[in-house]
Each structure stands twice: as structure tokens, then as C-alpha cells.
Amino acid sequence: MSSEPIVIVGGGLTAARAIEAIRESEPVTPIILIGNEDRLPYERPPLSKGIMLGKDSEEVAYTHPREWYDERKVDLRLGVTAERLHPESRMVALSDGSEVHYDRLLLATGSVVRKLTIPGHDLNGVHYLRTMGDAEKIRARLIAGGRVVIVGAGWIGLEVAAAARAHGVEVTIVEPQPTPLYGVVGEKVGAWFADLHRGHGVNLKLGVGVTKFEGGSHGEDLPFQSSHRKVTAVVTSEGERLPADMVVVGVGILPNTALAESAGLAVDNGIVVNSSLKVGKYGIWAAGDVANWYNPTFETRMRVEHWANAYNGGYTAGQSMTGQEVTYGRVPFFYSDQYDVGLEYAGFVPRDVQTEVVLRGDPATNAFMAFWVTAHASGHRVLAGMHVNVWDTVDAIKALVRNYTVVDLAKLADPGVPLDAVAAGR
Ligand SMILES: Cc1cc2nc3c(=O)[nH]c(=O)nc-3n(C[C@H](O)[C@H](O)[C@H](O)COP(=O)(O)OP(=O)(O)OC[C@H]3O[C@@H](n4cnc5c(N)ncnc54)[C@H](O)[C@@H]3O)c2cc1C
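Residues numbered from 1 in each chain as written. Predicted model: local features only at pLDDT ≥ 70, side-chain atom pairs only at ≥ 80, totals over all residues. Heavy atoms only, no water.

Caption draft 1: Fine view of the confidence of the model for the protein. Per-residue confidence for the protein gives a mean pLDDT of 95; residues scoring 70 or more make up 97%. Segment residues 219-226: pLDDT under 50, and 16 contacts once partners within four positions in sequence are set aside and those in other chains are kept. (pLDDT = per-residue confidence, 0-100. Contact = heavy atoms within 4.5 Å.)

Pasting the structure below:
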């Protein structure tokens, strides 16, 4: 085996989980972790939940304490960016002027937020949420009080709205689609999310875009912000002017493929890897948000932007890097917490597939399930399912999805029928 190290670019959950797997079978191979945030690898879900609410400390989000890396002799290069990758010479050039050569390389560079470029986009008080630093700034502003306008009713926007309401802040969400999360859950379940937030005092502007942010030089802002002009209002596509002391934009993310692209690797909605998360040559793997991999369970390529994919995909990549014959075929899974509601979703609905929604239980109780079902020649199959406050059901949802179970829709809709007994003809 080469004496060169294993290098991991990206200091998030994917990276940390890969190290766990690598160290299980290679206790001494040198590992270098290059992460451009000046923090130990951490998990992001708490940023819009416990940390935003002020319930959790920063340390809660760390995947491991510093000693964990020291004990495993991981060379942490934090606050350092991998600027160039030379696959043929297996070398990465770093922002501190150094170069590292590798035997094997994992690209775990995650995602970057999609930014708006409308007039006023660079005013003080217009925030995005991706990093611990972002979360700290937004939370400080929420504590200061006032009015927040959230652009985008996706997962991030909704979770920030819930945290903002807990801080007693006035919240307006502007979303061009007819419901929150319209593209993910559709109209029926999206309407339930709208009711949930309205019930907690959120002002929802649906079917409405944002055309500009207005600013003024008056008004104080927090000292870490440098420019003098601060956002004072959001103007909608209907011409309405929504006063704002702060704006949080959550309009999606993009895979952080810059390094891979500049190195000439195949990139197509993420770094293209096989079912073992390997690029194919040059000893390179990719996992987590940035990877577009072939999922053998679904017999299709996918890219997933959720915690469980970083957790499981990072670990599988680490195993694959140590020569184990593994493939990554998990059913995609994510979770969210908003107010007193916890939910989990599992499955995969391709964009071009029509589904019908089957509800199980009454959404008005905030304890129900929803299934996205498609018709096949053999009958109806569940492509994805979600529970809201109906715990210990997600494994059964995954089993329905993974096994392509042909279901009886009446049984699926009946909370009295166990989920392992909803197959048609039983
Ligand atoms: C606020 C928030 C809340 C979320 N909540 C949930 C949730 O409730 N449920 C859920 O399932 N998912 C949630 N997610 C999504 C989940 O956190 C991500 O899917 C996960 O973080 C992806 O992990 P990753 O390691 O692949 O990438 P990332 O976490 O993005 O980590 C990549 C790291 O690599 C660094 N990096 C990038 N390029 C370079 C380079 N060239 N050199 C050095 N370093 C580099 C980045 O700065 C970053 O630190 C949430 C995400 C956010 C932002």
C-alpha cells in the first residue's frame, strides 16, 4: 500500500463519518482532513433548531470532540481551503500555500446556498443559513426582536420561522409556490404546513415572489456587520412592501462542485460516482450532499441533501476507500422539527412521476401519516411516506418503499391496520 495519506476535503458530517469507517480497518494510515471552516466537523440540523432557539451550545453539534481526532491521529487542517485538485498527480493545493499528495481522496465538500441577486441583495441584515456563524448571527438578531421576513417556505425557512416565533419575533414568509414545501410534499400536505405556521402566528404570503430588498442608512445593526445600509423592507411581486428588520433567505442549495469541476471530474448535479461512491479513477470518492451516486435499490442516480445521507454515505465511502466491497443503497431519509411537531420522511419520488397522496389519520390533530403512491400495472406502490408525531414508524415506511410493496389503499389509509399488513391481497 502507498505511504501517501488518505486526504478528505470538506469538514462536515460526511468527512467525520468516513474517518470512523476508515479507522475501523486502517488504524495507522495517515489521514489529513482539510476543512475551510475554522471549526471541528459539526452537524447542521441543530443550527435551525436547538442552536437557533438558544437551547443547545455549539459543542452539541460537533460530531466528535477534538480528542477523538487526536486519538485517531487525524491531521486536522481547519480554516484551510483545498483550492486546486490535480487528479493525475494525486495532489491537492491548499490556501495556506502547501500541497498535499494522497493515495486516496474523499471529496465531501457539501453544498453552498443559492443566493438571490435581486436589488438590495447585499444589504446588511439579509442572511442565509448554512454555517454555525450564520446561525449565531441570525439568533442574535432574533433575540434583538423586531420583524423578520423569510424568503422561501422550504425546510430551512420553516424551521427558522418556528425558531423566530419562539423568540417572539413577528414573522412573514414569502413563497412563490401555492403552499410551503410544494415541490416536496405537494398541495395537500403543503396546506397542512401552511396551517401549522399560521396557527403559530406566521404571516404567509403564498404564490408571491420577491422583487427587491429596500434599505436605509438609519437603524442600528449588530457590530459584526460592516456596511451602513441595512435592510428595511422586502418588496413582493405584487408590489407590497413588507417592513423588515431582518431577512432570512432560504431558496435552496447547490452542490459544492467547484473543486471537482476545475479538476475535470464528471459533474452533473453533483460529482458523478458509482454505487460504491467512487469516481472511477484517480483514487477519488465523493459522498454526502455533493455526490450524485447510483443507488442500486432504486436503480437510478440521485443526489440527496440530508443529514442521513451524510451520516450513512460518509461511512460507506470510508468503507469503500479501505477496499471493502460495499454499495450504497439506502432509502433516502430526513427529519424536521417545527414547534411541537417532529416529522420523518423516507423515500424517493422522481420528479417526472405522478403520485397521489394517501393520508392516514387526521392532519388537524398534528399526528398523522402521508404516503406518496403511484399506480403500476401490478397495483399501487409507495414511493415515499412521512409521519408527523407518529413515532417508530419510519422503518416500516422504508420497508414499504424498499420492497416495492403493492399496497391496498384502504388499509394504508387506516391507522388501525399495522403498516406491515397493508399489502394488497392479504
Ligand atoms: C440549517 C440546516 C438545517 C438542516 N436540518 C436538517 C434536518 O433537520 N434534517 C436533515 O435530514 N438534514 C438537514 N440539513 C441538511 C444536512 O445538514 C446536510 O445534508 C449535511 O450537512 C451534509 O453534510 P456534508 O458533510 O455532505 O456537507 P456539509 O455539511 O456542507 O460540509 C461540507 C464542508 O466542507 C467544506 N468545504 C467545501 N469546500 C471545501 C474546500 N474546497 N476546501 C475545504 N473545505 C471545503 C464546507 O465549508 C463545509 O464545512 C440541514 C442543513 C442546514 C444548513
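Caption draft 2: Fine view of unusual backbone geometry. Even without a glycine there, the phi angle at Lys 73 is positive, about 50°. With respect to the element layout, Lys 73 can be found in the loop between helix H4 (66-71) and strand S3 (74-78). The exposure class assigned to Lys 73 is exposed, which follows from its relative accessible area of 64%. The backbone phi angle of Tyr 282 is positive, close to 65°, even though this residue is not glycine. Relative to the helices and strands, Tyr 282 resides in the loop between strand S18 (271-273) and strand S19 (284-286). For Tyr 282, a relative accessible area of 22% translates into the label partly exposed. (Helix = DSSP H or I, 4+ residues; strand = E, 2+ residues; numbered from the N terminus. Buried < 20%, exposed > 50% of the residue type's maximum accessible area, 1.4 Å probe, protein only.)

Caption draft 3: The arrangement of the environment of Ala 144 in detail. You can see Ala 144 is positioned in helix H5 (residues 132-144). For Ala 144, a relative accessible area of 54% translates into the label exposed. With 192 residues separating them in the primary sequence, Ala 144 and Ser 336 have C-alpha atoms 26 Å apart.

Caption draft 4: The domain arrangement of the protein, seen in detail. Per the domain assignment, the segments making up the protein are domain 1 (6-112 + 253-321), domain 2 (126-249) and domain 3 (340-421). With centres defined by C-alpha atoms, the gap from domain 1 to domain 3 works out at 32 Å. Contact with domain 1, which involves five residues of that partner, is made by four residues of domain 3. When the two sides are added together, the surface that domain 1 and domain 3 hide from each other amounts to roughly 380 Å², 78% of it contributed by carbon and sulfur. (Domains from an automatic or database assignment. Buried area = accessible area lost by both parts, 1.4 Å probe.)

Caption draft 5: Local environment of the site of the ligand. Taken together, 35 residues lie near the ligand, and Asn 36, Glu 37, Arg 44, Lys 49 and Asp 289 sit nearest. Contact distances for the ligand include 2.5 Å between an oxygen atom and a side-chain N or O atom of Asn 36. Coverage of the ligand by the protein chains reaches 94% of its 1,000 Å² of free accessible surface. Here the shell around the ligand spans two domains, since at least three of its residues come from each of domain 1 (6-112 + 253-321) and domain 2 (126-249). (Near = heavy atom within 4 Å. Polar contact = N/O pair within 3.5 Å; in protein donor to acceptor, adjacent residues only side chain to side chain. Areas by Shrake-Rupley, 256 points an atom, 1.4 Å probe, with all protein chains shown as cover.)

Caption draft 6: Broad picture of the layout of surface pockets. Taken as a whole, the second largest pocket spans an internal volume of roughly 260 Å³. As for the second largest pocket, its lining consists of 14 residues, of which Phe 298, Phe 348, Pro 350, Leu 383 and Tyr 404 are closest to the centre. Where the lining of the second largest pocket is concerned, the elements lending two or more residues are strand S25 (368-376) and strand S26 (379-388). Tallied by class, the residues present in the lining of the second largest pocket amount to nine nonpolar, three polar and two charged. Each of two domains, domain 1 (6-112 + 253-321) and domain 3 (340-421), supplies a minimum of three residues to the lining of the second largest pocket. (1 Å grid on protein atoms, 1.4 Å probe; cavity = no way out; pocket = protein on both sides within 12 Å on 5 of 7 lines; lining within 4 Å. Points joined across faces, edges and corners; volume = space filled by probe spheres on them. Nonpolar A, V, L, I, M, F, W, Y, C, P; charged D, E, K, R; others polar.)

Caption draft 7: Spotlight on the sheet that holds strand S16 (residues 246-249). Taken in spatial order, the five strands line up as S9-S16-S10-S11-S12 in an open sheet, and their pairing is parallel. Whereas interior strands pair on both sides, the edge strands pair on one side only; in this sheet they are strand S9 (126-128) and strand S12 (203-206). Here the strands of the sheet are splayed against their neighbours by 20° on average, with no regard to which way each runs. Across five bridges, the pairing between strand S10 (residues 147-151) and strand S11 (residues 170-175) is parallel. Of the residues in S11, the one forming a bridge with Arg 147 is Glu 170. (Pairing = 2+ DSSP bridges. Axes fitted to C-alpha atoms, helices over the stretch in contact; angles between N-to-C directions.)

Caption draft 8: Fine view of the sheet that holds strand S6 (residues 99-101). The strand order across the open sheet formed by three strands is S4-S5-S6, and the pairing between neighbours is antiparallel. Taken across any chain shown, the strands that pair with only one partner, and hence form the sheet edges, are strand S4 (82-86) and S6. Between one strand and the next, the sheet's axes are offset by a mean angle of 20°, whatever the strand orientation. One ladder, built from four bridges, connects S4 with strand S5 (residues 91-94); its direction is antiparallel.

Caption draft 9: Layout of the environment of Pro 27. Among the secondary structure elements, Pro 27 is positioned in the loop between helix H1 (13-25) and strand S2 (31-35). The exposure class assigned to Pro 27 is exposed, which follows from its relative accessible area of 57%.

Caption draft 10: Quick peek at helix H9 (residues 307-321). When the terminal C-alpha atoms of H9 are compared, their 21 Å separation across 15 residues agrees well with the 21 Å that a helix rising 1.5 Å per residue should span. Counting buried positions along H9 yields 13 of 15 residues, so the element is predominantly enclosed. (Expected span 1.5 Å × (residues − 1).)

Caption draft 11: Focus on the nonpolar core. Ile 8, Leu 85, Leu 107, Phe 371 and Leu 412 are the most contacted members of the largest nonpolar core, which has 68 residues in total. Ranked by the residues each element gives to this core, the list is headed by H1, at five residues. If we skip the residues at most four places from it in the chain, Ile 8 touches Ala 15, Ala 18, Ile 19, Ile 22, Ile 31, Ile 32, Leu 33, Ile 34 and Leu 106. (Core = buried A, V, L, I, M, F, W, Y, C linked by side-chain atoms within 4.5 Å.)

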